[in-house]
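# Analysis of the macromolecular model
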Amino acid sequence: MLNLIEKEEIKLQEYNKKQKKVVLSSISSDSHTWNLIFMQLYLEKLGCEVINLGACCEDERVMAAIHHHEPDFVVISSVNGHAHIDGARLIQKIRTDEMLKDIPVIIGGKLGVSGKNNKQYVNYLADAGFDAVFDDSGDILSFENYIKNLIPYSSHSDLN
Amino acid sequence: MSFSKFVFETHHSGRLTVQPRMGLSSVDEMRQGLLAVRDNALASIGTVTLDSYTRVGDHETARAALQLGSPLNGFPLVAHGADVARSMLDGVQVQHFPVQVRHGSALPQDIFATLIAAGFDATEGGPVSYCLPYGRVPLDRSITAWRECCQMLAEHEAKTGKAIHLESFGGCMLGQLCPPSLLIAISILEGLFFMHHGVRDLSLSYAQQVSFRQDLAAIKVLRGLAERFLHGSRSHVVLYTYMGVFPRTVGGASDLLAQSARLAAASGAMRLIVKTPAEAHRIPTVQENIASLEHASEIYETSPRDLAVDQALVDEIGEEALSLIEAVLNLDADLDKAIAKAFASGLLDVPYCLHDDNANASRAFIDQRGLLRWQSPGRMPIRIGKRQEEQMIDMVDPFAFLGMLKSIERRYDAPYLAAPNPIFVTARAEA
């Protein structure tokens, strides 16, 4: 009989074999899309199926897409400097939704309009409820490592 | 002096009209910024760039941010209101200093009403160029909104005798990786749209792309087609310094700006909207903007005018642009409907544009000669030569794609970097 740790490991291996589904979006005030197009290609290269919601995505549309597609995780990419406002508001809405409160949500990009001082928003956004925050001064490999090591999140996962 | 008159007089005196992108949340800072742009020896025009909340019509959030003192990425014109904006301009906007509002909105009725009431000289955008690249407003709603806005400008002119200048942003679809023929076709179609709805004082834009030779040919084509299609208007060409991923080094950014000033001189573009070395990192300061205006003006003065163009490129770009424009005009006698139908049917299709009303079946790439070409035109009436087909790259590889997106950054930064940046190495290895 398998012990608990082995069971968990098998679950993780099974999960890692499965194609991950990702909802990819900007924030409501951000009109940029090159970041989204690159991120889509990048996540696809990592083996993910990507639902790309495009520019200026309102909070409700992001939430509806998560409910509808039931992704493994959510990536928010923003470069207009308003992530510290719109991102914080979005994650608060996601975390107060009973169905979505545990889904991994990651945000990255230009988080504020203060250049190097944008680092101040990393902790702020993590405290607001994001699972990981990537300031644009970082390396994309740290993002990739994070994605690769994401573990199954939900108790209602089909692996149970 | 009107916006256009300023630009034409400056051109005839052998100088370049230069303009920053500049938007500050507070009235005092915005006013100080405009004064700094005005009070120098350059032929400069003032810019008030609006913030992202105002652009998407979320004036409540803009007001809340003003009250909290949260910094916005531009001037919240509607939240401040026409009276506040008018008093900000008082004593700033004088005979030799027209001021333009730059906003990026697909539904700009509030913005137009406010900028007209506040007394601004000019604004910009267009039903396609401010809709498809920047949001999710349906194209037909944007077309209706822009028709109303053009009519507001026409009524204002009929009432006061003062024309407010309108610039098409059509030469900048997504800033990069849109081949010149489509940029030109959209600029011309938006110019026609403005004229159909009563605006005759206008300009057509073109954003610097990846090849000086190709850009020079493109602007020649744009000027020729403007003469052919927009007679009865008063128009000039405005050039935007590169709008894509920008060099990160001061030297690289400065060289790219200089190249755009040379392009303005060589092509006969009368006005240049500059970028600064801060572009890759953050919103520039007022002083950085002034330094760029000075640098561009200096380079322009010593650059050759009306350089010889590559006729083969002129022919190719001209043929494609004309084919696109005519295909659209043949779709419907009503231009508004023709434009909507053109996107619905994929006869116009902006590469990499995620908007729901864009077919997104076309693809562009940078070929081995450094020219921006079609990889696939989707359903657009454009033929692709065999030579091009042989040069396709792997478009689904994220780093090959990133390498293309960053080709200008790489080329201009290279002389100033001790070692190539890591993305470059990866892109080359994988390409």
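Please refer to the structure placed before this passage.
Okay, so let's go over this structure. None of the values given here were measured: they were computed from a predicted structure. (Residues numbered from 1 in each chain as written. Chains lettered and ligands numbered in written order. Predicted model: local features only at pLDDT ≥ 70, side-chain atom pairs only at ≥ 80, totals over all residues. Heavy atoms only, no water.)

Of the regular secondary structure elements, chain B holds 18 helices and 10 strands. Its C-alpha atoms give chain B a radius of gyration of 21 Å, within 12% of the compact-globule value 22 Å for 431 residues. C-alpha extents for chain B along the principal axes are approximately 60 × 55 × 45 Å. Across the 431 residues that make up chain B, the buried fraction comes to 60%. Restricting the contact set of chain B to residue pairs at least 6 apart, pairs at least 24 apart contribute 73%. Counting every atom, chain B has about 15800 Å² of accessible surface; 52% of that belongs to carbon and sulfur. Of the side chains in chain B, 39 bear a positive and 48 a negative charge, and the two mean positions are spaced by 2 Å. (Helix = DSSP H or I, 4+ residues; strand = E, 2+ residues; numbered from the N terminus. Rg over C-alpha atoms; globule rule 2.2 N^0.38 Å. Buried < 20%, exposed > 50% of the residue type's maximum accessible area, 1.4 Å probe, protein only. Contact = heavy atoms within 4.5 Å. Areas by Shrake-Rupley, 256 points an atom, 1.4 Å probe, with all protein chains shown as cover. Lys, Arg positive; Asp, Glu negative; His and termini not counted. Charge placed at Lys NZ, Arg CZ, Asp CG, Glu CD.)

Here we take up the interface of chain B and chain A. Between chain B and chain A, the residue contacts involve 28 residues of the former and 27 residues of the latter. Across the interface of chain B and chain A, roughly 2400 Å² is buried in total on both sides, 66% from carbon and sulfur atoms. Of all residues in chain B, B:Y53, B:R136 and B:L354 give up the largest surface area on contact with chain A, accounting jointly for 27% of the area buried on that side. Linking chain B with chain A are 1 salt bridge. Between A:K45 and B:D397 there is a salt bridge; the shortest N-O distance is 2.9 Å. Run the count over chain B and chain A and you get 9 residue pairs in polar contact (both at pLDDT 80 or more). For the side of chain B that touches chain A, the secondary structure elements donating two or more residues are α3 (52-55) and α16 (398-405) of chain B. Per-element accounting of the side of chain B that touches chain A gives the leading share, 5 residues, to α16(B). (Buried area = accessible area lost by both parts, 1.4 Å probe. Salt bridge = Lys/Arg side-chain N within 4 Å of Asp/Glu carboxyl O. Polar contact = N/O pair within 3.5 Å; in protein donor to acceptor, adjacent residues only side chain to side chain.)

Listed in full, the buried residues belonging to helix α1 (residues 3-12) of chain B are B:F3, B:S4, B:F6, B:V7, B:F8 and B:T10. Following α1(B) by one or two positions, B:G14 has its phi on the positive side, about 85°.

Even without being glycine, B:L177 reaches a positive phi, approximately 60°. Tracing the backbone shows B:L177 in the loop between β5 (165-168) and α9 (180-196).

Another aspect to go through is the environment of B:H295. Residues and elements named next belong to chain B. With respect to the helices and strands, the residue H295 is situated in helix α12 (residues 286-301). In the structure, H295 is positioned 41 residues away from S254 in sequence and 8.1 Å away in space, judged by C-alpha atoms. Not counting residues within four places of it along the chain, the set of residues in contact with H295 comprises S254, L257 and A258.

Turning to the nonpolar core, a few remarks are in order. B:F120 and B:F401 are the most contacted members of the largest nonpolar core, which totals 155 residues. Per-element tally for this core: the top contributor is α9(B), with 11 residues. Dropping the residues within four chain positions of it, B:F120 is found in contact with B:V48, B:L77, B:A85, B:L89, B:Q93, B:V99, B:V101, B:L115, B:K162 and B:I164. A:I27, A:A65, A:L111 and A:A128 belong to the second-largest nonpolar core, a separate cluster that totals 26 residues. (Core = buried A, V, L, I, M, F, W, Y, C linked by side-chain atoms within 4.5 Å.)

Under the defined criterion, the tally for this structure stands at 16 aromatic pairs over all chains. Between A:F134 and A:F143, the ring centres sit 5.5 Å apart and the planes meet at 85°, which makes this aromatic pair edge-to-face. Of the two residues, A:F134 and A:F143, neither departs from the other in class, the shared state being buried. Where B:F193 meets B:F194, the ring centres are 6.5 Å apart and the plane angle is 70°; that geometry is what we call edge-to-face. Counting every residue linked through ring pairs, the aromatic cluster contains A:F38, A:Y42, A:F134, A:F143, A:Y146 and B:F399. Geometry around B:Y240 places B:R21 over its ring, the cationic atom sitting 5.3 Å from the centre. Its guanidinium or amino end placed over the ring of B:Y300, B:R305 lies 4.2 Å from that ring's centre, counting from NZ or CZ. (Phe/Tyr/Trp six-rings, centres within 6.5 Å; stacked < 30°, edge-to-face > 60°. Lys NZ or Arg CZ within 6 Å of the ring centre and 35° of its normal.)

Before going further, it helps to spend a moment on the sheet that holds strand β1 (residues 17-19) of chain B. Strand pairing within a sheet occurs via backbone hydrogen bonds; the two strands may be parallel or antiparallel. All names here are of chain B. Pairing is parallel across the open sheet formed by 8 strands, whose spatial order is β1-β8-β7-β6-β5-β4-β3-β2. On the outer flanks of this sheet lie β1 and β2 (46-49), each paired with one strand and no other. Each strand of the sheet is rotated relative to its neighbour by a mean of 25°, with strand direction disregarded. Bridge count between strand β4 (residues 122-125) and β5: 4 bridges; the pairing is parallel. In the sheet register, T123 faces β5, and the bridge partner there is L166. (Pairing = 2+ DSSP bridges. Axes fitted to C-alpha atoms, helices over the stretch in contact; angles between N-to-C directions.)

Bringing the packing of helix α2 (residues 34-45) of chain A against helix α6 (residues 140-148) of chain A into the picture now. Residue and element names in this part refer to chain A. Where α2 meets α6, the axes come as close as 12 Å, and the angle between the chain directions of the two elements is 50°. Taken together, the axes of α2 and α6 lie oblique to each other. Between α2 and α6 lies a crossing of right-handed hand. Mapping the contact onto sequence places F38, M39, Y42 and L43 in α2 and I140, F143 and E144 in α6. Class assignment for the residues of the contact of α2 with α6 results in 6 nonpolar, no polar and 1 charged. (Parallel < 35°, antiparallel > 145°, perpendicular 65-115°, else oblique. Left-handed = near helix turned anticlockwise from the far one by under 90°. Nonpolar A, V, L, I, M, F, W, Y, C, P; charged D, E, K, R; others polar.)

All names here are of chain A. Overall, parallel pairing links the 5 strands, which are arranged β2-β1-β3-β4-β5 in an open sheet. Only two strands of the sheet have a single partner each, and these edge strands are β2 (49-52) and β5 (132-135). Averaged over all pairs of adjacent strands, the angle between strand axes in this sheet comes to 20°, irrespective of strand direction. Strand direction decides the pairing type here: strand β1 (residues 21-25) and β2, joined by 4 bridges, are parallel.

The next subject is the side chain of B:S142. Residue and element names in this part refer to chain B. Examined against the element boundaries, S142 turns out to sit in helix α8 (residues 139-160). Overall, S142 belongs to the buried group, its relative accessible area being 0%. Within the structure, S142 has its side chain in polar contact with the backbone oxygen of P127 (distance 2.8 Å). Filtering out sequence-adjacent residues up to four positions away, S142 remains in contact with A106, L107, P127, C131 and V137.

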